[in-house]
Structures are given as structure tokens and as C-alpha cells.
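Overview (structure and organization)
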Amino acid sequence: MNNRKWARMRADWQLYLLLLLPLAYVLVFHYAPMPSVQIAFRKYTSRDGIWGSAWVGLKYFKQFFASYQCAQVISNTLILSAGMILISFPIPIVFALMMNSFGAQRVKKVTQTIVTMPHFISVVVLVGMMNQIFHSRVGAYGVLMYALTGAYPENLFASPGNFRVMYIASGIWQSFGWGSIIYLAALSGVSPDLHESAQIDGASRFQRVLHVDLPCILPTIIIMLILRMGSVMSIGFEKVYLMQNSLNLSASEVISTYVYKVGLDASGSTNFSYSTAIGLFNSVINLAMVTTVNAIAGRLGETSLW
């Protein structure tokens, strides 16, 4: 068996050569920094370094759990993450099923191109577009409301509730087209014979989608859900931070922004050990979530990551 593996590797050496760069990226940026995790258990100072700093055990974990901001940042993170999963996760699936059922190929390709393009807009540009559109004074929203009512509307960026709606809605708009690509690829592998058999049995187009297409891509959906649950506590830092202000802080302060402020902010009161402890707690929760969901998926069906 080992000889066969080496023979296949020699025959496909170009493919393995392509893996060197991403493998080097993973090793350098994900595995090499792992010894630095011990900063969470030490009173780190740049003078003493990682190995020379005093060992304090779980001090910073206890400090975080005792902090009045602990419940707020965790709840804000979970609310935004749950909103993205519950609302944005099914939309690419539904869109892919709709596009797969669409007959006009030219219109289908144009539609796919249009909905995929927002994925390539940077976060900074996206937030800038949102400010230009939804600004209560000079944005399109403010100008239109003033023209219709004679008064400027409320500042959407100042409301905690509106912050969550705008964050989730903009995330859906930017990602659902790109997210649908993998489901369209999975749908391309559905055998036409299954559809022909269903048509002979008198199944409508919707019934074929429900009983042929959807079951065929269900393993892909489960795998994507498991992977998504592995980042349930990891809300993207850049977009939240750019949309954040003092008025919506009660809803926009998530773990990633809190870690930045206590660990890397240029305010002069940095605490690398405290921020590392919070980051490690975040990673452990993500690992526990992906492991739990994977175990549940393995017990309920035959699809799992391991």
C-alpha cells in the first residue's frame, strides 16, 4: 500500500508541488505561533519575553469572567453569529437550487456574476458604501426621507438594534452569491437519470428539487454547517470595528474588538496576557462547537468531518 501511495505521489508530483505554498502558510501562521499561547498563563512583559515572564495560571481567565463586559461581549458575539447562521446560511442553498432550476443559461450566468461580485468588495469599501447610502444627513436614505417627510430620519448607525440588522443584511448581500458556488458545483453532480425517473413518475419541478436535488447536496450542506459552527464565536473584526461607535457599543462590542482594545489598542494600556486569554477561550469554544456538531451529524447520519 505504501509503495502504491508513493507511486501515485511521483506520478502526480505537480499537484503536490502546488500544495507547498498553502502548507507553508498554515505552518508559519497557524502552527509556529502556538507556543505563544502560554502568554495567556503568564504575566507577559516584553523585557522578560514569553519564556521568562512569571507564570500566573488562570488569573486572566478569571479576570475576564469576573469582568462586567464578559457577558456583554459574549452575548453580542453570539447574537450576531446566530443571526448570520440562521438567516444567511440557508440563502445560498435556496439561491443555488433556484439557479439550477433556471432554464435560460445566459440570464443564469449574468445573475450569478452580479450576485457574486459583492464578495470581492473590501470591507472598508463596503462600510463606506453603507455610510454613503444610509447616512441620515448626506446619504441617499437621509436625502430621500427629508424629501418625503421634510425631516431628517434617525441615525441608523447610532442604534444598537439597527447595527445588528445592518451588519447581518450587508453580510448576506456580500456573501450569498459566493457561498452558492459550492452548492451549484454539488448540484452539477446530480445524475440526470434521477430527474428523468421523477418526471416519469409525474413529479413537478418543485417536487424534484425537494426530493432529488436537495437530498443529493445534503452531505455538502452538513459539511458546510459543521465548518460554519467552528467559527460561531469568531465574528469578523474589521467590519464590526468600522461600523462601531460610542452610541452602538452596547451591541457592537464583540470578542474580536474587545481583544483588540485590551491587547493591541494604541491607548497605552495594553495587556497582551489578558487579550491572549480571551482569544484562547474563544478558540476553545469554537473547537468544542465544531466537535459537538460533527459528533451530532455523525450520529444522525453518515456525513461528518471525521
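Structure: see above.
Residues numbered from 1 in each chain as written. Predicted model: local features only at pLDDT ≥ 70, side-chain atom pairs only at ≥ 80, totals over all residues. Heavy atoms only, no water.

What to know about the overall build of the protein
Within the protein, the regular secondary structure consists of 17 helices and 2 strands. Against the 2.2 N^0.38 benchmark of 19 Å for 306 residues, the protein shows a C-alpha radius of gyration of 24 Å, more extended than a compact globule. The principal-axis extents of the C-alpha atoms in the protein amount to approximately 75 × 75 × 35 Å. In the protein, which comprises 306 residues, the proportion classed as buried is 32%. If you take every contact in the protein between residues at least 6 apart in sequence, the share linking residues at least 24 apart comes to 61%. As displayed, the protein has an accessible area near 18500 Å², and 67% of this comes from carbon and sulfur atoms. (Helix = DSSP H or I, 4+ residues; strand = E, 2+ residues; numbered from the N terminus. Rg over C-alpha atoms; globule rule 2.2 N^0.38 Å. Buried < 20%, exposed > 50% of the residue type's maximum accessible area, 1.4 Å probe, protein only. Contact = heavy atoms within 4.5 Å. Areas by Shrake-Rupley, 256 points an atom, 1.4 Å probe, with all protein chains shown as cover.)

Thoughts on a nonpolar patch on the surface
Taken together, the side chains of W13, L17, L20, L23, Y25, V26, L27, V28, F29, Y31 and M34 define a hydrophobic patch exposed on the protein surface, amounting to about 1200 Å² of accessible area. Put simply, the parts of the chain that give the nonpolar patch at least two residues each are α2 (13-18) and α3 (20-31). The leading source of residues in the nonpolar patch is α3, at 8 residues. (Patch = residues over 30% accessible without salt bridge, like charges linked within 9 Å, V, L, I, M, F, W, Y side chains within 5 Å. Salt bridge = Lys/Arg side-chain N within 4 Å of Asp/Glu carboxyl O.)

Observations regarding helix α16 (residues 255-263)
Every buried residue of α16 is accounted for by I255, T257, Y258, V262 and G263. Those residues of α16 that are buried are in contact with α5 (59-66), α6 (70-88), α14 (237-243), α15 (249-252) and α17 (272-300).

A word on the nonpolar core
Counting 22 residues, the largest nonpolar core has F64, I74, Y258, Y274 and I278 as the members making the most contacts within it. For this core, the elements supplying multiple residues, two or more each, are α5, α6, α13 (205-229), α16 and α17. Sort the elements by how many residues they give to this core and α17 lands first, with 7 residues. (Core = buried A, V, L, I, M, F, W, Y, C linked by side-chain atoms within 4.5 Å.)

A word on the environment of F89
Within the secondary structure, F89 sits in the loop between α6 and α7 (90-101). For F89, the contacting residues outside a window of four places in its chain are M84, Y183, I221, M224 and L225.

Observations concerning the pattern of salt bridges
Under the criterion given, the structure shown has 3 salt bridges. D213 is paired through a salt bridge with R205; the nearest N and O atoms lie 3.5 Å apart. Classification of D213 by relative accessible area gives buried; the value is 1%. With a relative accessible area of 27%, R205 lands in the partly exposed category.

With respect to the packing of aromatic side chains
Two descriptors summarise a pair of aromatic rings, namely the distance from one centre to the other and the angle between the planes of the rings. Tallied over the entire structure, the rule returns 17 aromatic pairs. Ring plane angle 40° and centroid distance 5.3 Å describe the contact between F41 and F61, whose orientation is recorded as tilted. Of this pair, F41 sits in the loop between α3 and β1 (42-43) while F61 is found in helix α5, placing the two residues 20 residues apart along the sequence. A relative accessible area of 13% means that F61 is categorised as buried. Geometrically, the ring pair formed by F120 and W178 is edge-to-face, given 5.4 Å between the ring centres and 85° between the ring planes. You can see F120 sitting in the loop between α8 (105-116) and α9 (123-134) and its partner W178 sitting in helix α11 (residues 160-187), a full 58 residues away along the chain. F120 gets classed as exposed once you look at its relative accessible area, which sits at 61%. For W178, a relative accessible area of 39% puts it in the partly exposed group. Connected via pairs of aromatic rings, a cluster forms that spans F64, F65, Y258, Y274 and F281. Sitting over the ring of Y167, K239 keeps its end group 4.6 Å from the ring centre. (Phe/Tyr/Trp six-rings, centres within 6.5 Å; stacked < 30°, edge-to-face > 60°. Lys NZ or Arg CZ within 6 Å of the ring centre and 35° of its normal.)

A look at the packing of α6 against α7
Two elements in contact, α6 and α7, have axes separated by 5 Å at closest approach and are oriented at 15°. Relative to α7, the element α6 lies roughly parallel. On α7, the residues touching I85, L86, I87 and S88 of α6 are P90, I91 and P92. Of the residues belonging to the contact of α6 with α7, the class tally is 6 nonpolar, 1 polar and no charged. (Axes fitted to C-alpha atoms, helices over the stretch in contact; angles between N-to-C directions. Parallel < 35°, antiparallel > 145°, perpendicular 65-115°, else oblique. Nonpolar A, V, L, I, M, F, W, Y, C, P; charged D, E, K, R; others polar.)

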